[in-house]
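Survey of secondary and tertiary structure
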Amino acid sequence: MQVKRIGLLLMVLVGIVRPYTVASGQESKTTVNNGNVVLEDIPPVPPEIVTDLNRYQNIRSAYLRAWSRDGKSLFITTRFGEVSQIHRVDQPAGARTQITFFQEPIGGVSRQPGGELLNFTMDAGGNETSQIFLLNPDSGDYRMLSDGKSRHRYVLWTPDGTALAYQSTRRNGRTNDVWLTHLADKKSELLWEAPDNTAWIPADFTQDGRQLLIQQYVSVTDSRIHLLDRETGQQQLLVGSAEHPSRNLVEFANSFDADGQGIFFITDRASDFAQLAYLKLEDLSVEIITGEIPWDVEQFALSQDRTRGAFTINAGGISRLYLFNPADKTYAPVESIPQGIFNSIAFSPDNSQLAMTISSPTSPSDVYVLALDERPLEHGELVRWTFSEVGGLDTTQFIEPELITYPTFDKVDGRQREIPAFYYRPRGEGPFPVVIVIHGGPESQFRPRFSGTFQLWADKLGIAVIAPNVRGSDGYGKEYLRLDNGKLREDSVKDIGALLDWIGTRPDLDKERVAVFGGSYGGYMVLASVVHYSERLKAAIDIVGISNFVTFLKNTKDYRRDLRRVEYGDERDPDMRAFLESISPTNHVDKMTTPLLVIQGQNDPRVPVTEAEQIVKRLREQGTKVWYMNALNEGHGYRKKENVDLYQQVVVMFLKKHLLGK
């Protein structure tokens, strides 16, 4: 009895469970984390799971945000409390000095050109209604610049640092217009009034601030670039077509050149992949720059004086960095950087250094700085600036994934189509139980960034992880990206069936113990896999997933509904509506017998909480037990540490019970 009481006390102290439960119908409900998380039909987490996961749950990461004005310090975001906040680092391996102390995580951050101020965005409870704030990093003083109620994103400073351009829904709550707000008097002006339910993004100003590039985003395969003259109000479509949208491609604006006579942009007009290109404004002629690189160009950055540049490519899920000379449009790879995923590349104010965030399968995201030579394509040493904690774990024991391919059900060019996937194989002898991890999007891609979760599963549970990039994934060309559009939607689910077949051929994997795991669109894929392959799955974990496409399109936020219709189909069309209903998991619960864990955020604006509630309700109505976890202070995924910790503990407990049979 004494042991049980000590165990209960420990669970209360760590915030895992409150000493009471209430019944609601047939399910039991427990509130935890100061009432912010509701657990239904989920038993208390055993203390030994809390202890086992503790070190993994104290792994940190650091992300580059901006250079200081003098180029001697870096602003980063990292977490030392419950959520990520802004810190300053003054030297390599230097202390991380915290600057902001909010209860919500920080969003985007950028520094005022020629000044000291930072702007940052922040929402409340994961509702994604982000507001714009100005911060003095020396004093810590801040003020809100936006209206406090609309959604604001993609903040861009004017070159003189006196105003901010940004995307906002402030005009009618649903349309993503482009606005500009002056710092001195907070006076705002509407720069670009967009048609209803479309997305427009300020991309870059000319050096004199007169002209503004504006990105129009229609879908992942249709984007267009416009030019606005702020003095005359004249607008011009530079690339893309409003009359023939079916012919449109990826046309993504990046930067004006030094004299404002042309723009650098990314396009797939000349290839199956996205390439860096240059458009001359005088005659709208286009020059493809990276035609010899058979992968997508992802990020592109110019120095402050626009005399040197850098870009990254996505080579099968791994990043590669190139230095670029804008004067003659030549480029060269940087070979000395460790293999990983690169993000947020940024030149120092004096153009002598290039900072970036690097993550690898065995190292959390950290900030590095590359010394640059006077010659644009030459460089010096790469220096690591941040050393994020790994909870005292031995990183040499972390698992490196293997890039594999497996055959699927159809053919391309007369040969069986191959699906790429990353395979995390635990140490020891198999056959290993498997978790299939399905990414969201669907216009996204699993990439081997650091995952403490996967390392934890491999170490503590002996679970193998396989993360496929099924058809419809980004990074493999526009043809592959479009293979699941419209009524081809369930072909990507068949790719999961093919993976189950492949697992069955492997002596190192246990085909009798397989689970599926995914979030957002990946959550739909989890539910659809359960519909089609319940007899082959031991467990399924759906995180903020779509359970019915028609109700999803009806209830997702107005400002994103039409963007999703382009991908999934327009539910207002009777024929498409019937198809969407036919593939929606809520209409096939009778086929769903796999034990299911559903995880949701109450404030999710993308996949509303109703998507989780309805699949849980229908499964329970047929007598199927479902574990359901809903965080009342989160949105599309969990960002607060106490909720993330509990989520990971519940997942481990669920996998132990249903996948491992422990």
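Summary of the structure given here. None of these values were measured; they are calculated from a predicted model. (Residues numbered from 1 in each chain as written. Predicted model: local features only at pLDDT ≥ 70, side-chain atom pairs only at ≥ 80, totals over all residues. Heavy atoms only, no water.)

Thoughts on the overall build of the protein chain
A tally of helices and strands in the protein chain yields 11 helices and 39 strands. Against the 2.2 N^0.38 benchmark of 26 Å for 662 residues, the protein chain shows a C-alpha radius of gyration of 25 Å, consistent with a compact globule. The principal-axis extent of the C-alpha atoms belonging to the protein chain is close to 75 × 55 × 50 Å. A burial count over the protein chain gives 59% of its 662 residues as buried. (Helix = DSSP H or I, 4+ residues; strand = E, 2+ residues; numbered from the N terminus. Rg over C-alpha atoms; globule rule 2.2 N^0.38 Å. Buried < 20%, exposed > 50% of the residue type's maximum accessible area, 1.4 Å probe, protein only.)

Some thoughts on the side chain of Arg-560
Here Arg-560 lies in helix H8 (residues 558-568). For the buried Arg-560, which has no salt bridge, the nearest side chain bearing the opposite charge is Glu-128, at an N-O separation of 6.0 Å. Within polar-contact distance, the side chain of Arg-560 engages the side chain of Thr-556 at 3.0 Å. Beyond its immediate stretch of four places on either side in the chain, Arg-560 contacts Phe-552, Pro-605 and Arg-606. (Lys, Arg positive; Asp, Glu negative; His and termini not counted. Salt bridge = Lys/Arg side-chain N within 4 Å of Asp/Glu carboxyl O. Polar contact = N/O pair within 3.5 Å; in protein donor to acceptor, adjacent residues only side chain to side chain. Contact = heavy atoms within 4.5 Å.)

Details of the packing of helix H5 (residues 491-504) against helix H6 (residues 521-533)
Between H5 and H6, the shortest axis-to-axis distance is 10 Å and the interhelical angle comes to 60°. Classed by the angle they form, the pair H5 and H6 counts as oblique. With respect to the hand of their crossing, H5 and H6 are arranged in right-handed fashion. Judged by residue contacts, Ser-492, Val-493, Lys-494, Ile-496, Gly-497 and Leu-500 of H5 engage Tyr-521, Tyr-524, Met-525, Ala-528, Ser-529, His-532 and Tyr-533 from H6. Classifying every residue of the contact of H5 with H6 gives 8 nonpolar, 4 polar and 1 charged. (Axes fitted to C-alpha atoms, helices over the stretch in contact; angles between N-to-C directions. Parallel < 35°, antiparallel > 145°, perpendicular 65-115°, else oblique. Left-handed = near helix turned anticlockwise from the far one by under 90°. Nonpolar A, V, L, I, M, F, W, Y, C, P; charged D, E, K, R; others polar.)

Let's talk about the environment of Leu-354
Tracing the backbone shows Leu-354 in strand S29 (residues 353-360). In this structure the C-alpha to C-alpha distance between Leu-354 and Leu-372, which are 18 residues apart in sequence, comes to 7.1 Å.

Details of the pattern of salt bridges
All chains considered together, the criterion is met by 37 salt bridges. A salt bridge links Asp-570 to Arg-565, with the shortest nitrogen-to-oxygen separation between them at 3.7 Å. A single salt-bridge network, built from bridges that share partners, covers Lys-29, Glu-40, Asp-41, Arg-620 and Lys-625.

Quick look at the packing of aromatic side chains
In this structure the tally under the stated criterion is 31 aromatic pairs. Aromatic side chains Phe-264 and Phe-324 sit 5.5 Å apart centroid to centroid with 90° between the ring planes, which places their arrangement in the edge-to-face category. Remark: Phe-324 occurs in strand S26 (residues 318-325) and Phe-264 occurs in strand S21 (residues 262-267); sequence separation between them is 60 residues. Residue Phe-264 shares its accessibility class with Phe-324, and that shared class is buried. Ring geometry for Tyr-424 and Phe-454: centres 5.2 Å apart, planes at 70°, overall edge-to-face. Here Tyr-424 is found in strand S33 (residues 415-424), whereas its partner Phe-454 is found in helix H3 (residues 452-461), with 30 residues between them in sequence. Since its relative accessible area comes to 7%, Phe-454 is described here as buried. Ring-pair connections join several aromatic residues into one group, and the members of that group are Phe-264, Tyr-278, Phe-300, Phe-311, Tyr-322, Phe-324 and Tyr-331. Lying over the aromatic face of Trp-179, Arg-170 brings its terminal NZ or CZ to 4.5 Å of the ring centre. (Phe/Tyr/Trp six-rings, centres within 6.5 Å; stacked < 30°, edge-to-face > 60°. Lys NZ or Arg CZ within 6 Å of the ring centre and 35° of its normal.)

Points about the nonpolar core
Grouped together as the largest cluster of nonpolar side chains are 58 residues, with contacts concentrated most on Ile-436, Ile-466, Ile-503 and Tyr-524. By residue number, the principal contributor to this core is H6, which donates 9 residues. One finds Val-50, Phe-398, Phe-454 and Ile-599 within the second-largest nonpolar core, a separate group that totals 49 residues. (Core = buried A, V, L, I, M, F, W, Y, C linked by side-chain atoms within 4.5 Å.)

Some thoughts on H8
One full turn of an α-helix is made of 3.6 residues, so residues set three or four places apart face in the same direction. Summarising burial for H8: 8 of the 11 residues are buried, a large majority. For H8, the elements touching its buried residues are strand S16 (199-205), strand S17 (211-219), H6, helix H7 (549-555) and helix H9 (574-583). Gly-569 sits one or two residues past H8 and shows a positive phi near 115°.

With respect to the sheet that holds strand S15 (residues 188-192)
On the basis of which strands lie adjacent, the open sheet formed by 4 strands has the order S12-S13-S14-S15 and antiparallel pairing. The open sheet has two edge strands with one neighbour each: strand S12 (152-157) and S15. Across this sheet, the average inter-strand angle for adjacent strands is 30°, counted without regard to direction. Looking at chain direction, S12 and strand S13 (residues 163-168) are connected through 4 bridges and run antiparallel. Within the sheet, the bridge partner assigned to Leu-156 lies in S13 and is Ala-165. (Pairing = 2+ DSSP bridges.)

As for the pairing of strand S24 (residues 296-302)
Of all the 7 residues making up S24, 6 are buried; the element is thus mostly covered by neighbouring parts of the structure. The pairing of S24 with strand S25 (residues 309-315) spans 5 bridges and is classified as antiparallel. By the bridge assignment, Val-297 is partnered in S25 with Ile-313. In this antiparallel pair of consecutive strands, S24 and S25, the connection spans 6 residues, and Arg-306 shows a positive phi of 60°.

Overview of unusual backbone geometry
In this model, Gly-430 is joined to Pro-431 through a cis peptide bond whose omega is 0°. By the secondary structure assignment, Pro-431 is in the loop between S33 and strand S34 (432-438). Residue Pro-442 is reached from Gly-441 by a cis peptide bond, and omega for that bond is 0°. Tracing the backbone through its elements, the reader meets Pro-442 in the loop between S34 and H3. Backbone geometry at Asp-413 places phi at a positive 55°, although glycine is not the residue there. Residue placement: Asp-413 occurs in the loop between strand S32 (402-412) and S33. Given the relative accessible area of 74%, Asp-413 is considered exposed.

Thoughts on the side chain of Lys-640
Structurally, Lys-640 is set in the loop between strand S39 (626-631) and helix H11 (641-658). By relative accessible area, which is 8% here, Lys-640 ends up buried.

Here we look at the environment of Gln-167
With respect to the helices, strands and loops of the structure, Gln-167 is situated in strand S13. Separated by 11 residues in sequence, Gln-167 and Leu-156 have C-alpha atoms that sit 9.3 Å apart. Those residues within four positions of Gln-167 in sequence are excluded, and the remaining contacts are Arg-151, His-152, Arg-153, Tyr-154, Asn-176, Asp-177, Ala-199, Trp-200, Ile-201 and Pro-202. A polar atom in the side chain of Gln-167 sits 3.0 Å from the backbone oxygen of Trp-200.

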